[in-house]
Amino acid sequence: VLWGATGFTGQLVADYLARNYLHGSTGLRLALAGRNEEKVRAVAAEIGEPELPILVGDSFDAGSLDALASRAEVIISTVGPYAKYGAELVAACVRHGTDYCDLTGETPFVRAMIDAHEEEAQRTGARIVHCCGYDSIPSDLGTLMVQEAFKERHGKYASEVKMAAVEMRGAFSGGTIASMLNIFDELKSNPGLRKVLGNPYALNPKGVRGPDKGDQNGARHDADLGMWTAPFVMAAINTRVVRRSHALMGLPWGEDFRYSEVMGTGKGAKGFSRAVSVAGGLVAFMASIAIPFTRPFVEKKLPSPGEGPDAEARAKGRFKTLLLALGDGNTVRGVVSDNRDPGYGSTAVMLSEAALCLALQGAELDTPGGILTPATAMGTRLIERLRKAGLTLEIES
């Protein structure tokens, strides 16, 4: 069941599933769901599948969400901000033992779901997998990939992995902007969330920590990466997801394993200049949406929920993520990349393939219920699916 089919990303997911999996021998059975039946039917017609089952529910009506969860093997949710609209659906999936995946990049929401539902999800067998898009699949599966390659070559896992977003061309949708703004609004009413946002191990099981500190703030040169670097806005969620994966796997990479993320800006004077510009621009943007006086002016220039880059803009998008596994003087270099817009074209593929992995290969995965991550729920099987779907996940050297 695709919940949020009328939203910007929801329509992309619906189209991807219809074009690639609804016909033939895949065995996929798909229903589209949302709050407005007429609008959901319009999406079904637009993707050329007017006969698809249509389900109706409300994000705040537990009964209607129970009806969805009881009929589904897997629910895909594209309805954000998840802190506003996502909690009841997760609860319904947990109650019914229904697998679930979403696109959230909201660290406080994921922490809240862990606290509220971890034990019951383990009991019912519901696999709740957050962050199945650009945040945080390249980071989470990329780290798993380079660690397995490092062990194969050197007989043990690397003690550190560094990730650099070295190329990223795409645009934000209104839904992503709404999620960012909602986090700032939540901070006003609940200042305690600052501890969650600032904690590098915010998503780990209680008491499981390591040596990592906060995310990078300014411009720095990284000798291992061989380039200048700047803060990466997605690090706030991605790093926490990777660390949770490590914890849920039982700390196989060592209690002192370190993981970090940056934006790679290049070498020399140009790389330095760009790093300073990115770091300063990020601070200025965050300040402008945090200050009540400037926020209305910024919001007017940003897309509204339901809006996003058109097909032409998405076609021009791409991303490349570099991962270095380091240990005992050895290095393994991996790449995760795609020639699609990272936030929407590629994210729609990642989310769809994650859901299909749960739905069509669920028994093979042999993973328990709980609040999981892409790496711990699906691991190498999802890597294989993404490769077949056109993404690059490979070891370069």
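Above this text sits the structure in question.
Note that the coordinates shown come from a computational prediction; the quantities given were computed from them, not determined experimentally.

Draft legend 1. Structural view of the sheet that holds strand β14 (residues 392–395). The strand order across the open sheet formed by seven strands is β8-β9-β10-β7-β11-β12-β14, and the pairing between neighbours is mixed. Looking along the sheet, the strands with just one partner apiece sit at the ends: β8 (220–222) and β14. When strand polarity is set aside, the average angle formed by the axes of neighbouring strands in this sheet is 35°. Sheet topology note: the strand β11 (residues 318–327)/strand β12 (residues 330–338) ladder contains nine bridges and is antiparallel. Of the residues in β12, the one forming a bridge with L323 is G334. In this fold helix α7 (residues 137–154) packs onto β7 (160–169), β10 (258–266), β11, β12 and β14, with an angle of close to 145° to the strand it touches most, β12.

Draft legend 2. Here's a closer look at the sheet that holds strand β1 (residues 2–3). Read across the sheet, seven strands follow the order β3-β2-β1-β4-β5-β6-β13 without closing on themselves; strand pairing throughout is parallel. Sheet topology places β3 (54–56) and β13 (370–372) at the edges, where each strand pairs with a single neighbour. In the packing of helix α3 (residues 62–71) onto the sheet, contacts are made with β1, β2 (32–34), β3 and β4 (74–77), and the angle to β3 comes to roughly 145°.

Draft legend 3. Looking closely at the nonpolar core. Core analysis: the largest hydrophobic core is formed by 103 residues, its most contacted members being L32, I75 and M378. Considering every element that reaches this core, the biggest residue donor is helix α14 (residues 342–360), with ten residues. Beyond its immediate sequence surroundings of up to four residues, I75 is in contact with V1, W3, L68, A69, L89, C93, T98, D99, Y100 and C101. Counting eight residues, the second-largest nonpolar core is a separate cluster that includes M227, L322, L324 and L326.

Draft legend 4. Region of the structure containing the side chain of D341. Structurally, D341 can be placed in the loop between β12 and α14. There is no salt bridge for the buried D341, and the closest opposite charge comes from R314, which lies 6.4 Å off by N-O distance. A distance of 3.2 Å separates the side chain of D341 from the backbone nitrogen of G343, its partner in a polar contact. Residues within four places of D341 in sequence aside, it is in contact with R169, G170, A171, R314, G317, R318, S346 and T347.

Draft legend 5. Structural context of α7. Across its 18 residues, α7 extends 25 Å between first and last C-alpha, which sits within 8% of the 26 Å expected from 1.5 Å per residue. Burial analysis of α7 places 13 of its 18 residues in the buried class, which makes it a mostly covered element. Phi turns positive, to about 80°, at G155, one or two residues after α7.

Draft legend 6. Structural context of the packing of α7 against helix α17 (residues 379–388). Packing of α7 against α17 leaves a shortest axis separation of 10 Å and a crossing angle of 115°. One way to sum up the angle between α7 and α17 is to call them roughly perpendicular. Along this stretch, α7 crosses α17, giving a crossing that reads as left-handed. Of the residues in α17, those touching α7 at I137, L141, L144 and M145 are G379, T380, L382, I383, L386 and R387. In terms of residue class, the contact of α7 with α17 is built from seven nonpolar, two polar and one charged.

What counts as what
Residues numbered from 1 in each chain as written. Predicted model: local features only at pLDDT ≥ 70, side-chain atom pairs only at ≥ 80, totals over all residues. Heavy atoms only, no water. Pairing = 2+ DSSP bridges. Helix = DSSP H or I, 4+ residues; strand = E, 2+ residues; numbered from the N terminus. Axes fitted to C-alpha atoms, helices over the stretch in contact; angles between N-to-C directions. Contact = heavy atoms within 4.5 Å. Core = buried A, V, L, I, M, F, W, Y, C linked by side-chain atoms within 4.5 Å. Buried < 20%, exposed > 50% of the residue type's maximum accessible area, 1.4 Å probe, protein only. Lys, Arg positive; Asp, Glu negative; His and termini not counted. Salt bridge = Lys/Arg side-chain N within 4 Å of Asp/Glu carboxyl O. Polar contact = N/O pair within 3.5 Å; in protein donor to acceptor, adjacent residues only side chain to side chain. Expected span 1.5 Å × (residues − 1). Parallel < 35°, antiparallel > 145°, perpendicular 65-115°, else oblique. Left-handed = near helix turned anticlockwise from the far one by under 90°. Nonpolar A, V, L, I, M, F, W, Y, C, P; charged D, E, K, R; others polar.

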